[in-house]
Amino acid sequence: MSYDALFTYAEPAAVAILMALIVVPVIIYLFTGWSVRRSEIVGAMSAEGASLYFRQFYPALMPDGDVLGAFARHYRRRYGRLHYVLPLLLLGSIALFLLVLTIHTLFHWLLGTTGSHDLPSLAIGAIAGAYMWVVADVLLRCRQRQLAPVDLYWAGLRFVVAVPLGFAFAGVLKDEAAVGLAFLLGAFPTNTLLTIARRIGNRKLGLSEGGEEARTELEQIQGITQGLAERFRDEGVSTILQLAYADPVDLTIRTSFSFNYVIDCVSQALAWIYLEKDLATMRRLSLRGAQEINTLIVELDEGEDAAQATIERVAALLNIDRVAVQRLLREIAFDPYTEFIVNVWNAVDDSEEPDEPEKDAEEHEAPGRRRDARRHRDRDPGHRAAPHPDQERLRQHR
């Protein structure tokens, strides 16, 4: 076999290997990580939780019979593996087209020849940088089980804009090492590249950027950093009010965050829309969200002295009348969305740990671990139906 013939077989082999690094991790994820995330969400639903979910977010789809089966079918219909097929095909087509041209050009360079379809060196650098970013991003998301269909669309866009942005930056910055610059741009996420391009364009045109705040509203929620807030914002959730009343299942899938993390953020948001910055003060009393407030109100209605003392302490810290504090906390605790997330958290908690006597549970629970109900409280699904006479009135009011 001649040297040229070897290169003839090596070219398609190189393209196949590079394509496999993009496609294979996604396929593996669909048969492993996707199933784990489905179990995390579908397995967390009790029958009451599924009923509350349909009632709050999809009342028209409220089933008459098996609500758990209906929820599983709803999840498969909205977030099933088929939703990955089109973006994966689109990403694969774009990547294959660019990689074929790139590898063809590189092999011509190695052989010391030229072809009519060879790409310029700047385009090669830009495509190589985009490939590096896409593969790293896909591998990381598959490993973290955080790959959503929209991420594949973003990866396809990353390939599409790589060459135009490479030429644009090289022309504006007039850097002698244009190829190296085009490749290094691949280390930046697509959003960052578009931000940089917008800033350069604004500076050249003498326009004001505006619209960028140093700290977003969502960052006031404990556990939401700037990067996480940007992820929420990408999915259309930019305010705490939107987060409080968002569909947590849908938000989990679109953001690729953990279901428990999204539930916790929603819980804090539900409390924040009533308490705002006073929520930070409430954390000192272990009341960091709507779930904990629900627990406090249930215990208060059961006549527990600790709950009575906590209410008095809250009134003193917030400098609000005790009766007004109770009214405020009951609004949070009996909110239908609070009822849903409390029920879901109960289902997760019960599935993770077997029932045990209260004394043993207190000995083994890690300090600070949240519980939406103490072990001795009745876990019958109807125990929250009317913990206080105000609850039915508040529901009718809503």
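Note that the coordinates shown come from a computational prediction; the quantities given were computed from them, not determined experimentally.

Criteria and cut-off values
- Residues numbered from 1 in each chain as written.
- Predicted model: local features only at pLDDT ≥ 70, side-chain atom pairs only at ≥ 80, totals over all residues.
- Heavy atoms only, no water.
- Helix = DSSP H or I, 4+ residues; strand = E, 2+ residues; numbered from the N terminus.
- Buried < 20%, exposed > 50% of the residue type's maximum accessible area, 1.4 Å probe, protein only.
- Areas by Shrake-Rupley, 256 points an atom, 1.4 Å probe, with all protein chains shown as cover.
- Expected span 1.5 Å × (residues − 1).
- Polar contact = N/O pair within 3.5 Å; in protein donor to acceptor, adjacent residues only side chain to side chain.
- Contact = heavy atoms within 4.5 Å.
- Axes fitted to C-alpha atoms, helices over the stretch in contact; angles between N-to-C directions.
- Parallel < 35°, antiparallel > 145°, perpendicular 65-115°, else oblique.
- Left-handed = near helix turned anticlockwise from the far one by under 90°.
- Nonpolar A, V, L, I, M, F, W, Y, C, P; charged D, E, K, R; others polar.
- pLDDT = per-residue confidence, 0-100.
- Core = buried A, V, L, I, M, F, W, Y, C linked by side-chain atoms within 4.5 Å.
- Arc of directions from axis to C-beta.
- Phe/Tyr/Trp six-rings, centres within 6.5 Å; stacked < 30°, edge-to-face > 60°.
- Lys NZ or Arg CZ within 6 Å of the ring centre and 35° of its normal.
- Salt bridge = Lys/Arg side-chain N within 4 Å of Asp/Glu carboxyl O.

## Some thoughts on the overall build of the protein chain
Check the secondary structure of the protein chain and you find 20 helices and 0 strands. By residue count, 47% of the 398 residues in the protein chain fall in the buried class. For the protein chain, the accessible area works out to roughly 20,100 Å², and carbon and sulfur atoms hold 59% of it.

## Quick notes on helix α17 (residues 322-333)
With 12 residues, α17 should reach 16 Å at 1.5 Å per residue; the first-to-last C-alpha distance of 16 Å fits that figure. The set of residues buried in α17 consists of Val325, Gln326, Leu328, Leu329, Arg330, Glu331, Ile332 and Ala333. Measuring from the side-chain oxygen of the N-cap residue of α17 to the backbone nitrogen of Val323 gives 3.0 Å; that N-cap residue is Asp321.

## Things to note about the environment of Ala70
Along the polypeptide, Ala70 turns up in helix α4 (residues 67-79). For Ala70, a relative accessible area of 10% corresponds to the buried category. For the pair Ala70 and Ala50, spaced 20 residues apart in sequence, the C-alpha separation works out to 8.5 Å. With sequence-adjacent residues up to four places away left out, Ala70 is seen in contact with Phe54 and Pro63.

## Describing the packing of helix α2 (residues 33-42) against α4
Running from amino to carboxyl end, α2 crosses α4 at an angle of 140°, the nearest separation of the two axes being 11 Å. Classified by the interaxial angle, the pair formed by α2 and α4 is oblique. The two elements α2 and α4 cross, and the hand of that crossing is right-handed. Here α2 contributes Trp34, Arg37, Arg38, Ile41 and Val42 to the contact with α4, which in turn contributes Phe71, Ala72, Tyr75 and Tyr79. Split into classes, the residues belonging to the contact of α2 with α4 amount to 7 nonpolar, no polar and 2 charged.

## Some words on the confidence of the model for the protein chain
When pLDDT drops low, the exact placement of atoms in the prediction is not to be read closely. When pLDDT is averaged across the protein chain, the result is 78; 74% of the residues are at 70 or more. In this model, residues 209-214 is a region of pLDDT below 50 whose contacts with residues beyond four sequence positions or in other chains number 6 contacts. Across residues 351-398, where pLDDT falls below 50, the model places 70 contacts with residues more than four positions away in sequence or in other chains.

## Observations concerning the nonpolar core
Residues Phe159 and Leu243 are the most contacted members of the largest nonpolar core, which totals 95 residues. Top contributing element to this core by residue count: helix α13 (residues 259-275), with 10 residues. Contact partners of Leu243, with chain neighbours within four places excluded, come to Leu218, Ile224, Phe232, Val237, Leu251, Cys265, Val266 and Ala269. Judged by nonpolar contacts, the second largest core, of 5 residues, contains Val161, Leu165, Phe169 and Leu185.

## Some words on α2
Within α2, the full set of buried residues consists of Gly33, Trp34, Arg37, Ile41 and Val42. Here the buried residues of α2 occupy an arc of 150° about the axis, which is enough to place them on one side.

## Overview of the packing of aromatic side chains
Under the counting rule described, the total for this entry stands at 14 aromatic pairs. Among the aromatic side chains, those forming a connected cluster through ring pairs are Tyr53, Phe54, Phe57, Tyr58, Phe71, Tyr245, Tyr337 and Phe340. The ring of Phe31 carries Arg81 above its face, with NZ or CZ at 5.4 Å from the centroid.

## Comments concerning the environment of Ile240
The residue Ile240 is located in helix α11 (residues 240-244) in this model. According to the relative accessible area criterion, Ile240 is buried, its value standing at 0%. Once the C-alpha coordinates of Ile240 and Leu270 are considered, the two residues, 30 residues apart in sequence, prove to be 8.2 Å apart. For Ile240, the residues in contact, after removing those within four places along its chain, are Glu217, Leu218, Gln220, Ile221, Ala269, Trp272 and Ile273.

## Topic: the packing of helix α12 (residues 248-255) against α13
Interaxial distance between α12 and α13 falls to 9 Å at its minimum, and their mutual angle equals 125°. Considered as vectors, α12 and α13 are oriented oblique to each other. In the packing of α12 onto α13, the handedness of the crossing is right-handed. Only Phe259, Val262 and Ile263 of α13 make contact with α12, whose side of the interface consists of Pro248, Val249, Leu251, Thr252 and Thr255. Grouping the amino acids of the contact of α12 with α13 by side-chain chemistry returns 6 nonpolar, 2 polar and no charged.

## Thoughts on unusual backbone geometry
Its identity is not glycine, yet Ser256 carries a phi of approximately 70°, on the positive side. Position of Ser256 among the secondary structure elements: in the loop between α12 and α13. Using a relative accessible area of 1% as the deciding quantity, one classes Ser256 as buried. Phi is positive for Asn319, which is not a glycine, with a value near 60°. With respect to the helices, strands and loops of the structure, Asn319 is situated in the loop between α16 (305-318) and α17. Since its relative accessible area comes to 72%, Asn319 is described here as exposed.

## Describing the pattern of salt bridges
Counted by the stated rule, this structure contains 9 salt bridges. Residue Arg288 pairs with Asp264 through a salt bridge whose shortest N-O separation is 2.5 Å. Of the two residues, Arg288 sits in the loop between α14 (278-282) and α15 (290-301) while Asp264 sits in helix α13, which places them 24 residues apart along the sequence. Given the relative accessible area of 11%, Asp264 is considered buried. For the salt bridge of Glu331 with Arg327, the shortest nitrogen-to-oxygen distance reads 3.5 Å. Linking Glu331 with Arg327, this pair stays in helix α17, spanning 4 residues, or about one helical turn. When salt bridges with common partners are traced through the structure, they connect Arg78, Glu235, Asp250 and Arg254 into a single cluster.

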